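Examining the three-dimensional arrangement
Next come the chains, spelled out residue by residue.
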Amino acid sequence: MSGTVVIRIPTPLRSYTNGADEVALEADTVGQALTTLALLHEGLGERILDADGKPRQFVNIFVGKADLRTLQGLGTSLAPGDVISIVPAVAGGRHEGEG
Amino acid sequence: MKAKDRELAALRARIAEISPSEAQRLQQQGAALIDVREADEIAQGSPPGALRLGRGFLELRVEEAVPDFDQPVVLMCNGGTRSLFAADSLARMGYSTLFSMVGGFSRWKAEGLPFEQPSQLDSLARQRYARHLTIPEVGEEGQAKLMASKVLLIGAGGLGCPAAFYLAAAGVGTLGFVDDDVVDRSNLQRQILHSEAKLGMAKVRSARQTVEALNPTVKVDTYETRLSSANVEEIFAGYDVVVDGSDNFPTRYLVNDACVKLGIPNVHGSVYRFEGQASVFWPGYAKRRGPCYRCLYPEPPPAEFAPSCMEAGVLGVLPGVIGLLEAVETIKLLLGVGDPLVGRLLCYDALKAEFRELELQPNPDCPYCAEGRAFPGYIDYEQFCHGA
Ligand SMILES: [Zn+2]
């Protein structure tokens, strides 16, 4: 019953996906999608989920436009074609070491 | 009887009082009608052709406005009291035929006599902002609002420079800059208030010079310091909007906490290479309850997860795009028009040439902005952010 969904990878995490800005995979729930993503790309999982498998405090996850926290969390079910966005906190502006 | 009332009774015995319609008839026959009210009262309306000299400067200005001491003069205020004192003063200066208008402008208006709302803009401002004055959403009233507004920019860097440049052009009355850095050559790829000639100069000074060259009517306040728990409220006091263009997490959390506490809208922007985001964090917005920055990110990333300086970097134009989105949101907030980015995160992907919007919800348990919660106080932001 699994359908193909797309996970958008933010720029700071693209070093884990060989620069890919999107990863398409099969999943029924958001939790499944993120677990599969972590298996496909080593090191990426711990940047998004903590040791208990919960989204980290400085990362927001959206399904379409909606914040995962307003849905059913990692249990949120997905329909084929759904787009998951990962939005980490970015300080922005100047870059340290620039002077 | 109070001294004030004794004095008024004595004035009424000396000075002729006339009704608004009599005042209007005298004005039509060539009398000078002098409105002695304050500027904010006059903004509500004033009889056509009235000389708006103001009570405070009346004696200094009257001779230029009414050179003939025998021309009849009618004085008016809002209720008919200040005009009696004003008439008495002009009598002492030698004006021979003086009247005080009973009931002042309140009665003038109540009697249905004509009045106009005089322009709050001088002719230079009318020229400078001509393209604003023709937009119904701005117009003269909106432009006057912008000119009375105060916006504080956190950082005179990649986001703060373009935002401030356009806010200055738009005529925002006061722009404040907080930055403790100096201009470096590597800034010039995007920080457009600075220039080659200003290398090594304090960014706030450089920003002030460029803003004043563009629009000398803008008042620039500079704070050459790093924002801290100790100075944040003193600096933020009196500002209508804060534009966050900061470059580090401790400042972002401090700006958020102070804005939540003081009820100031926090216009947010961030950039990374070809991607940028903008939002407005303002839990106090009346039409929609949005989150604060802490609702979105309860904690900053630990240092080991923050990208190294070699990895970071940004396309120079990107903070221009995001900084100007921040400027647009700021102007909308100041004017009270349109739908702000409250509860909405606008994401720009330059490589895809795509804008996307994500919906942000307030965290009902947010320690800083949740309903009915006392402000928990400022914290040690450097420690909270692990020095990131
Ligand atoms: Zn909050």
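Residues numbered from 1 in each chain as written. Chains lettered and ligands numbered in written order. Predicted model: local features only at pLDDT ≥ 70, side-chain atom pairs only at ≥ 80, totals over all residues. Heavy atoms only, no water.

Section: the coordination of the zinc ion
All names here are of chain B.
- Protein coordination at the zinc ion: the donors are Cys292 (SG), Cys295 (SG), Cys366 (SG) and Cys369 (SG), at 2.2 to 2.3 Å from the metal.
- For the zinc ion, the four donor atoms in the first shell make angles of 92 to 121° at the metal, so the coordination geometry reads as tetrahedral.
- Each donor residue of the zinc ion belongs to the same chain, with the gaps between them written as C-x2-C-x70-C-x2-C. Linking cysteine 292 in the loop between β11 (275–281) and α14 (293–296) with cysteine 366 in the loop between β13 (354–359) and α16 (381–384), this pair joins segments that are 74 residues apart in sequence. Each member of the pair, cysteine 292 as well as cysteine 366, carries the same accessibility label: buried. (Donors = N, O, S within 2.8 Å, 3.2 Å for Na, K, Ca; no water. Tetrahedral: all angles 85-135°; square planar, octahedral: opposite > 155°, others 65-115°. Helix = DSSP H or I, 4+ residues; strand = E, 2+ residues; numbered from the N terminus. Buried < 20%, exposed > 50% of the residue type's maximum accessible area, 1.4 Å probe, protein only.)

Here's the deal with the domain arrangement of chain B
- Annotation of chain B at the domain level lists domain 1 (3–110) and domain 2 (149–370 + 377–386).
- Summarising the inter-unit geometry, the C-alpha centres of domain 1 of chain B and domain 2 of chain B are found 50 Å apart. (Domains from an automatic or database assignment.)

Quick notes on the interface of chain B and chain A
- With 40 residues of chain B at the contact, the number on the chain A side is 34 residues.
- Summing both partners gives a buried area of about 3,400 Å² for chain B against chain A, and 51% of it is carried by carbon and sulfur.
- At the boundary of chain B with chain A, the tally comes to four salt bridges.
- Ionic pairing is found between Lys352(B) and Glu22(A), a salt bridge with its closest N-O pair at 3.8 Å.
- In this assembly, chain B and chain A are joined by eleven residue pairs in polar contact (both at pLDDT 80 or more).
- For the side of chain B that touches chain A, the secondary-structure elements that each account for two or more residues are α13 (249–262), β10 (266–272), β11, α14 and β13 of chain B.
- Counting residues per element, the side of chain B that touches chain A draws most heavily on β13(B), at five residues.
- Across the side of chain B that touches chain A, the residue classes tally to 18 nonpolar, eight polar and 14 charged. (Contact = heavy atoms within 4.5 Å. Buried area = accessible area lost by both parts, 1.4 Å probe. Salt bridge = Lys/Arg side-chain N within 4 Å of Asp/Glu carboxyl O. Polar contact = N/O pair within 3.5 Å; in protein donor to acceptor, adjacent residues only side chain to side chain. Nonpolar A, V, L, I, M, F, W, Y, C, P; charged D, E, K, R; others polar.)

Considering helix α10 (residues 160–170) of chain B
Residues and elements named next belong to chain B.
- Across the eleven residues of α10, eight count as buried, placing the element largely inside the fold.
- Restricting attention to buried positions, one finds in α10 the residues Gly160, Cys161, Pro162, Ala163, Ala164, Leu167, Ala168 and Ala170.
- Just beyond α10, the residue with positive phi is glycine 171, at close to 95°.

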